[in-house]
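# Overview (structure and organization)
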2 protein chains.
Amino acid sequence: MSSEFIIVHAGAGAYSNKKRTQATTAIRLACQIAVEALKNGCDCMEAVVKAIMSMEDNPHTNCGTGSNLNQHGYVSCDAGLMRSTDNLCASIGDCRVAKNPIQICEKLLLSQHKLSPLGLQPPCFLVHDGVKDFMEQHALPTYPPEKLITETSLRTYRHWKERRVEIEKHMFSDTVGAICIDRYGNMAIACSSGGNILKHQGRIGPSALPGCGFWIEGSSDKSMCASTVTGSGELIIRTQFASSVCQSLLDSSEEWSSLKELTRNVQHHHTNKYVADPMVGSIFTKLERLGKANVLVTFGYAHTSPGMVLGYMKGNSSKATVITSELNNLDTVTNVFAFKANSG
Amino acid sequence: MSSEFIIVHAGAGAYSNKKRTQATTAIRLACQIAVEALKNGCDCMEAVVKAIMSMEDNPHTNCGTGSNLNQHGYVSCDAGLMRSTDNLCASIGDCRVAKNPIQICEKLLLSQHKLSPLGLQPPCFLVHDGVKDFMEQHALPTYPPEKLITETSLRTYRHWKERRVEIEKHMFSDTVGAICIDRYGNMAIACSSGGNILKHQGRIGPSALPGCGFWIEGSSDKSMCASTVTGSGELIIRTQFASSVCQSLLDSSEEWSSLKELTRNVQHHHTNKYVADPMVGSIFTKLERLGKANVLVTFGYAHTSPGMVLGYMKGNSSKATVITSELNNLDTVTNVFAFKANSG
C-alpha cells in the first residue's frame, strides 16, 4: 500500500451525543475529501487544506463558519499550516473576514517562496487588518463577518453573555486539526480555531502559533513527526505542547509511554492553577524511513479531556475510521497505531 | 556575591560607528537601571521590564519610540515577557498605541494570576485593538501613534520607500532583549521590537512568540536556561530558535560547542533560501543549583550577523561590561562566561 494517509480531530472536550454525531459526520467528510484529493494527485498540503476547509464550512465545528463569538460578539479566527517539504509555516490570527482561514494560510505559505523584488521579507504570521490587506493583495475575496455567525453560535453567545458563570467548565474546545501524508511520504499539518467563547478581543490562541498548536520536527530522509493539539489554549502555549509532542516521539521508540508521560506532565503543569479547567488533547503522525521506498507510519492520540473525537483514513480505504475516545476513570487516554507503506 | 545579574542586547546587524556608540549608551543605561532596581528590592521581572523600557524610550533602538515604520508608515510593536517563578508568559503583537509595549506585557502576565469570576480564561497573547482594549480596561494610557515616530525613523522610511531596493541587505535588526536574575535566583526574560522596516501590515515577528523570540526552560530547583534571540524573524520562527537554544544548553555542559553548532545549523537551515540575508544572534543565561544557596550562572552570546552589541552587569559591579562583537572571517561568533554566586 501507498503512504497516503489523513488523520483529523474535532477537538478535546465533553461530547454530548448530538455533538459527537456532528463531529463524526464532519470528520468522515474531511477524511474522504483528503483521500480523494490525494488520489487525484494533490500533494499533502493541498489535501490537508481541503480537509480543514470542509471542517471550517461545517457550522458545528469551532472554526470558520459557526466559530465561537468573542466578547464583542464577532468571529475572530486563528489558523496555522506547515509542511515537511520545505519546513515553511504560515499563520493568521484574529482574522474576521475569511470564510476559510486555512486557505489564507496556504497562500501565505506559498508567498514565502517568492522573495520580493524590493528585498522585503515575506511574512509568515499576519493578524487582523494585515490578513485583510493580504487577501486583497492576492485577490482573495473577503467575507462579510456576519455570515460567519450561525444561529446556534449567536444563541450560545447570548446564553453565556447573560449567565457569565462557569463558562470554562462547560466549554467545548472544538478546535480542529489534521495531518496528511502523500504518496511521496511528505507531510503537512493544519489547524483552525474560533478560540474560546467570549474571549478577549484580539486574543491569539495556539492554533496560530508554531510550536504551540502545531509543529513538524525531523527530516524527511530519516524520521519526522507532526502534531497538532487542542484544549486549554493558554496551557498549550506555556508548555509549547505541539513541539514537545514531536520531540518526545522522535527521541523515543516507545510512542505510547512517551506520549502518555508528556500529556500527563502538561495536564499537571504547575501553571494549570491559572487555568479554570485544564484539559488537552493531541494527534500525531510519525514517519520513519525503513528503506528507499518503505516507510513506517505511526499515528495516535492522547487526551486528558472527558472526550475527544478523531478519525483517520488510509489511501486504500473506502471509508474513515472514527474514534470517540472517553476518559472514564483514567487521567490520560493514549492510543498508538502503526502501518508500513511504500512512498516515493 | 549575590546572583543578581542582567544581560541586554541591542540586536544582531551591521553596526556603523555611530550606531555602535548609540547601542553602547543604551545598553549601559539599561544595565544600570536593572541593577539599581534589583538593589532596591525589585524582583527579576520588574528589573528586566525597567531595562527594556529604557531601551524602548531610546529613539535609537528599534522598539517603542523610534521603531521602524511598516509599509503604511506607522509603528507596530511586538513584545514578549516570561518569568521562571510561575512559568507564565505574556505577548503583544501589532501594538500601535503603547509607549512601552513591555509594560503592557507585564500587566498581561500579572492578569493571568486572576481567574475571572466569570470563569473566562485570561489571555496570554493579544494583538492590535485587543491590546488597546486591554490597556483601557487596566487604565493604562494609550499613546498617540504619531509620537512613536521620530524624525530619523521617518527619514529612513521615506528613503527606503522611494528606493525599495535591497532593503534586507541594509537592514538593521535592532530588536532588543534582556535576561535578568534576582537575589533569589529567579529569572525573567523580555524582548521588544518594531520589526522589519516596511514590513507588511499586521506582520507578527518572533519577539511576540514564545519559543521563537524568547523562552525559559527547566526548573528552578535544578537547572534552567533563558534565551532571547534577534535577526531574521521568519527564520527564527521556522526554527523555534529561542527554545532550541535553551534545550540544547540544558542538555549539554559544553555550552560553547552546543551554542555554536545550533547557531550554525540555524544559519544554514534549508529554509534560509527564502530569507534575503539570513542572520541570527542570541543571548542566554543558564542557572544551575550547586547547593541550597549556591548557583552557577553561565551566560553568553552567539551570532552570525556582521555585528552584535550586548552588555552585562552583576549586582556587585559599578558599571556594565559592553561587548561589540564582530564576525570577521568566521561563520559564527560564540562566547560563554560563568560565575558562582549565592541566591535565596
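Each value, and the rule that gives it
- What you see as residue numbers is a count from 1 along each chain, following the sequence as written.
- Throughout, the order in which chains and ligands are written sets their labels, letters from A for the former and numbers from 1 for the latter.
- pLDDT decides what is reported in this predicted model: residues at 70 or higher carry local features, side-chain atom pairs at 80 or more are listed and counted, and totals for whole chains, interfaces and linings draw on all residues regardless.
- Calculation of side-chain values draws on the structure's entire complement of heavy atoms; hydrogens and water are dropped beforehand.
- UniProt positions are given in the numbering used here, feature names are shortened, and annotations may be inferred rather than shown by experiment.
- Strands are runs of DSSP state E lasting at least two residues, helices are runs of H or I lasting at least four, and both sets are numbered from the N terminus onward.
- Only protein chains enter the area calculation, which uses a 1.4 Å probe; residues under 20% of their type maximum are buried, those over 50% are exposed, and those in between are partly exposed.
- Any two residues having at least one pair of non-hydrogen atoms within 4.5 Å are treated as being in contact.
- Simply put, an axis is a line fit to the C-alpha atoms, just over the touching stretch for a helix, and the angle between two N-to-C directions goes from 0 to 180 degrees.
- Geometric relationships in this document are graded by angle, where less than 35 degrees denotes roughly parallel, more than 145 denotes roughly antiparallel, 65 to 115 denotes roughly perpendicular, and other angles denote oblique.
- When the near helix sits turned anticlockwise from the far one by under a right angle, the crossing is termed left-handed; a clockwise turn instead gives a right-handed crossing.
- Side-chain classes follow a simple rule in which Ala, Val, Leu, Ile, Met, Phe, Trp, Tyr, Cys and Pro form the nonpolar group, Asp, Glu, Lys and Arg form the charged group, and the remainder, Gly included, forms the polar group.
- The pairing test for Phe, Tyr and Trp rings, Trp by its six-membered ring, is centres within 6.5 Å, and the orientation test on the planes gives stacked under 30 degrees, edge-to-face over 60, and tilted for anything in between.
- Paired strands are those between which DSSP finds at least two bridges.
- Buried area is understood as the total, over both parts, of accessible area removed when two parts are fitted together, assessed with a 1.4 Å probe.
- We define a salt bridge as a side-chain nitrogen of Lys or Arg found within 4 Å of a carboxyl oxygen belonging to Asp or Glu.
- In protein, a polar contact means a hydrogen-donor-capable atom and an acceptor-capable atom, both N or O and within 3.5 Å, with residues adjacent in sequence counting only if both atoms are side-chain atoms; elsewhere, any N or O pair within 3.5 Å suffices.

## Focus: the UniProt feature "active site" (unreviewed entry) in chain A
Residue and element names in this part refer to chain A. UniProt's feature table lists "active site" (unreviewed entry) at Thr-175, given in the numbering used throughout. In this fold, Thr-175 is placed in the loop between helix 6 (167–170) and strand 5 (176–181). A residue is classified by how much of its surface remains accessible, and Thr-175, at 10% relative accessible area, is buried. Excluding anything up to four places from it in sequence, Thr-175 contacts His-9, Ala-10, Gly-11, Asn-62, Ser-192, Ser-193, Ser-207, Val-229 and Thr-230.

## Observations concerning the packing of helix 1 (residues 17–39) of chain A against helix 2 (residues 44–57) of chain A
All names here are of chain A. The geometry of helix 1 relative to helix 2 is characterised by a closest axis approach of 8 Å and an angle of 155° between their N-to-C directions. The orientation of helix 1 relative to helix 2 falls into the category roughly antiparallel. Considering the relative orientation of helix 1 and helix 2, their crossing is right-handed. Along its contact with helix 1, which presents Ala-26, Ile-27, Leu-29, Ala-30, Ile-33, Ala-34, Ala-37 and Leu-38, the element helix 2 presents Cys-44, Ala-47, Lys-50, Ala-51, Ser-54 and Met-55. Residues of the contact of helix 1 with helix 2, tallied by class, amount to twelve nonpolar, one polar and one charged.

## Notes on the packing of aromatic side chains
Throughout the structure, instances matching the rule amount to 14 aromatic pairs over all chains. Look at A:Phe5 and A:Tyr312: their rings are 6.2 Å apart centre to centre, the planes differ by 40°, and that puts the pair in the tilted class. One end of the pair, A:Phe5, is in strand 1 (residues 5–13); the other, A:Tyr312, is in strand 11 (residues 307–314), and 307 residues separate them in sequence. Taking relative accessible area as the criterion, A:Tyr312 reaches 14% and is therefore assigned buried. Residues B:Tyr312 and B:Phe337 carry aromatic rings whose centres are separated by 5.7 Å and whose planes lie at 40° to one another, so their mutual orientation is tilted. Taken together, the positions of B:Tyr312 in strand 11 (residues 307–314) and B:Phe337 in strand 13 (residues 333–342) put the pair 25 residues apart, joining distant regions of the chain. Judged by its relative accessible area of 27%, B:Phe337 is partly exposed.

## Here we look at unusual backbone geometry
All names here are of chain B. The backbone phi angle of Asp-94 is positive, close to 50°, even though this residue is not glycine. Mapped onto the elements, Asp-94 comes out in strand 3 (residues 89–95). Although it is not a glycine, His-128 adopts a positive phi angle of roughly 45°. Secondary-structure assignment places His-128 in helix 4 (residues 128–137). Using a relative accessible area of 16% as the deciding quantity, one classes His-128 as buried.

## Some details on the sheet that holds strand 5 (residues 176–181) of chain B
Paired through their backbone hydrogen bonds, the strands of a sheet run either parallel or antiparallel. Residues and elements named next belong to chain B. Here eight strands make up an open sheet; going across it, the order is 4-3-2-6-5-1-11-12 and the pairing mixed. Unpaired on one side and paired on the other, strand 4 (125–127) and strand 12 (321–326) mark the two borders of the sheet. Between one strand and the next, the sheet's axes are offset by a mean angle of 10°, whatever the strand orientation. In this structure, strand 1 (residues 5–13) lies alongside strand 5, joined through five bridges in antiparallel fashion. Looking across to strand 5, one finds that Ile-6 is bridged to Cys-180. Contacts from helix 2 (residues 44–57) reach strand 1, strand 2 (77–83), strand 5 and strand 6 (187–193), with the element oriented near 155° to strand 5. Set on the sheet, helix 4 makes contact with strand 3 and strand 4; between it and strand 4 the angle comes to about 105°.

## Concerning the interface of chain A and chain B
Facing 57 residues of chain A, the contacting portion of chain B comprises 58 residues. In terms of surface lost to chain B, no three residues of chain A exceed A:Gln121, A:Arg238 and A:Tyr274, which account for 15% of the buried area on that side. The tally of links between chain A and chain B comes to two salt bridges. The closest approach of N and O atoms between B:Asp129 and A:Arg96, which form a salt bridge, is 2.9 Å. Connecting chain A to chain B are 24 residue pairs in polar contact (both at pLDDT 80 or more). When contributions to the side of chain A that touches chain B are tallied by element, the ones reaching two or more residues are strand 3 (89–95), strand 4 (125–127), helix 4 (128–137), helix 6, helix 7 (233–238) and helix 8 (241–251) of chain A. Tallying contributions element by element places helix 4 of chain A first for the side of chain A that touches chain B, with six residues.

## Section: the environment of B:Cys246
All names here are of chain B. Looking at the element boundaries, Cys-246 is found in helix 8 (residues 241–251). Distance in space between the C-alpha atoms of Cys-246 and Ala-293 is 23 Å, their sequence separation being 47 residues. With near-sequence residues (within four places) excluded, Cys-246 lies in contact with Trp-215, Ile-216, Glu-217, Cys-225, Ala-226 and Ser-227.

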